[in-house]
Amino acid sequence: MAPNDQKTEVVSPTELPEDLPLPSDPKVIFLGGLFVLAVLAAAYVVSEIVMPLVFAIVLKLLLQPVLRVLERLRVPRILAALLLILALFGTIVGLGTAISGPARTWAAKLPEGIPRLEERLSFTRAPINTLQRFLQQVQDFGETGPSPNGAISERGAALLMKLFTGTGNFASGFFMTVLFLFFLLVSGDIFLHRLVEILPRFRSKRQVVEISQQIESDVSSYLVTITIMNAAVGIVTAFAMWLTGVGDPILWGTVAFLLNYVPILGTALGVLIFLLAGLLTHDTLWQALLPAGLYFVFHLIEGETVTPMLLARRFTLNPVLVIISLVFWFWMWGIPGGILSMPMLAITKIICDRLQPLSAFGHFLEG
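From a predicted model like this one, the values you see are computed outputs, not experimental measurements.

S.K.: Quick rundown of the overall build of the chain? Include the residues and the values.
M.R.: Along its length, the chain carries 14 helices and zero strands. The linear arrangement of helices and strands in the chain, starting from the amino end, is α-α-α-α-α-α-α-α-α-α-α-α-α-α. With an accessible surface of roughly 22,800 Å², the chain has 70% of that area assigned to carbon and sulfur atoms.

Right, dumping it as structure tokens:
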């Protein structure tokens, strides 16, 4: 057969199997490690600025699908951004107002309920004694003398105040988050456009656009799915708390909704909270254990069956690294860091998978 008669199959470079690139120069490894440490140190030192910005970016990815729908309906971008922020702000303020009263009531019940819990759960006397000493240390923090023995309700209120000592910082961080979120929604893809303009090669421009679209698509889908499932868990939990006689369904539904954003540790804390609520409400042991048992069953159905089926194609993260990321960001930024740990880890994996020099690290993050 003549050479001209043979068909030559052309394979694009992206389809050729390549080994995962590992840095061979020690200087690159050391400089990369120092850069990562510097970024983490800066995030820890200036957390009052960085954390609201990260929250705003995540919320922007969450609200981006709704913003695009409003734009298709011929709503101006600035008006759509204002409507979304007002809706978000109104929801947060409404829930905060609804649960503030019940939260104070349950916080006042907690100190006087410790002896009752000790009596009913004698087999856990040692852990409860440890919890009681911890609560006493929290109550005595900053006090010059011992508190009166007869002021149990006042001590409960003092405990609540100490648990929310960062109210001023929270208000400041919330305002900064809303400010960042508004300008991120209004600006749209301006940063992406400017980055594409300054890149010299067409391949780099296309790669940046693909990474941006992949992050927006995957992370938006993840956040929307998780938020819908968490809302479903909150609604079902609120109904279960009302049905079992615990009361304050809005409070417990909100608690279940928020804790479900924190993987594993949030569920463990939720089981403990609903166990204490049941023990403080009911005298019969099985009735006291029922709220925590129902919450745990709801989490198993949602967290182990429904949500993995919806997210398995987009997110396959190493569970060990998920726990490490959760603990690390919880140590860095507290509860907000625990909530942000999964979105940040997902964004990191998407970027690493799309950048050839970091593809080995992206493969390491995969489950």
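S.K.: Give me the environment of alanine 256: which residues, what numbers.
M.R.: Along the chain, alanine 256 falls in helix 9 (residues 249–259). Sequence-wise, alanine 256 and glycine 270 are 14 residues apart; in three dimensions their C-alpha atoms are separated by 6.8 Å. If we ignore the near neighbours within four places in the chain, the residues touching alanine 256 are Val233, Gly234, Thr237, Phe274 and Tyr295.

S.K.: Run through the nonpolar core, naming residues and quoting values.
M.R.: Counting residues in hydrophobic clusters, the biggest one holds 25 residues, and the most contacted among them are Ile215, Val219, Trp333 and Leu340. When residues of this core are traced back to their parent elements, those giving at least two are helix 2 (47–72), helix 8 (202–243), helix 12 (319–333) and helix 13 (335–354). In this structure tryptophan 333 touches Ala43, Ser47, Val50, Met51, Val54, Leu340 and Met344, once residues within four positions along its chain are discounted. Counting 17 residues, the second-largest nonpolar core is a separate cluster that includes Val233, Met241, Leu251 and Leu259.

S.K.: Residues and numbers for the layout of surface pockets, please.
M.R.: Which parts of space are left empty comes out when a probe the size of a water molecule is rolled across the atoms. Approximately 2,000 Å³ is the volume found for the second largest pocket. Around the second largest pocket, the lining is made up of 47 residues, and of these Met344, Ile347, Thr348, Ile351 and Cys352 lie nearest the centre. Within the residue set of the lining of the second largest pocket, elements represented by two or more residues are helix 1 (26–45), helix 2, helix 7 (190–198), helix 8, helix 12, helix 13 and helix 14 (359–365). Partitioning the lining of the second largest pocket into residue classes produces 39 nonpolar, five polar and three charged.

S.K.: Residue-level account of the pattern of salt bridges, with values.
M.R.: Summed over all chains, the structure comprises two salt bridges. The partner of glutamate 71 in a salt bridge is arginine 77, with the nearest N and O atoms 2.7 Å apart. On the basis of relative accessibility, which here comes to 24%, the residue arginine 77 falls in the partly exposed class. Where arginine 194 meets glutamate 197, a salt bridge forms, and the shortest distance between an N and an O atom there is 3.5 Å. You can see arginine 194 and its partner glutamate 197 sitting in helix 7, three residues apart, about one turn around the helix.

About the cut-offs
Residues numbered from 1 in each chain as written. Predicted model: local features only at pLDDT ≥ 70, side-chain atom pairs only at ≥ 80, totals over all residues. Heavy atoms only, no water. Helix = DSSP H or I, 4+ residues; strand = E, 2+ residues; numbered from the N terminus. Areas by Shrake-Rupley, 256 points an atom, 1.4 Å probe, with all protein chains shown as cover. Contact = heavy atoms within 4.5 Å. Core = buried A, V, L, I, M, F, W, Y, C linked by side-chain atoms within 4.5 Å. Buried < 20%, exposed > 50% of the residue type's maximum accessible area, 1.4 Å probe, protein only. 1 Å grid on protein atoms, 1.4 Å probe; cavity = no way out; pocket = protein on both sides within 12 Å on 5 of 7 lines; lining within 4 Å. Points joined across faces, edges and corners; volume = space filled by probe spheres on them. Nonpolar A, V, L, I, M, F, W, Y, C, P; charged D, E, K, R; others polar. Salt bridge = Lys/Arg side-chain N within 4 Å of Asp/Glu carboxyl O.

The quantities given are spatial measurements derived from coordinates; they are silent on function.
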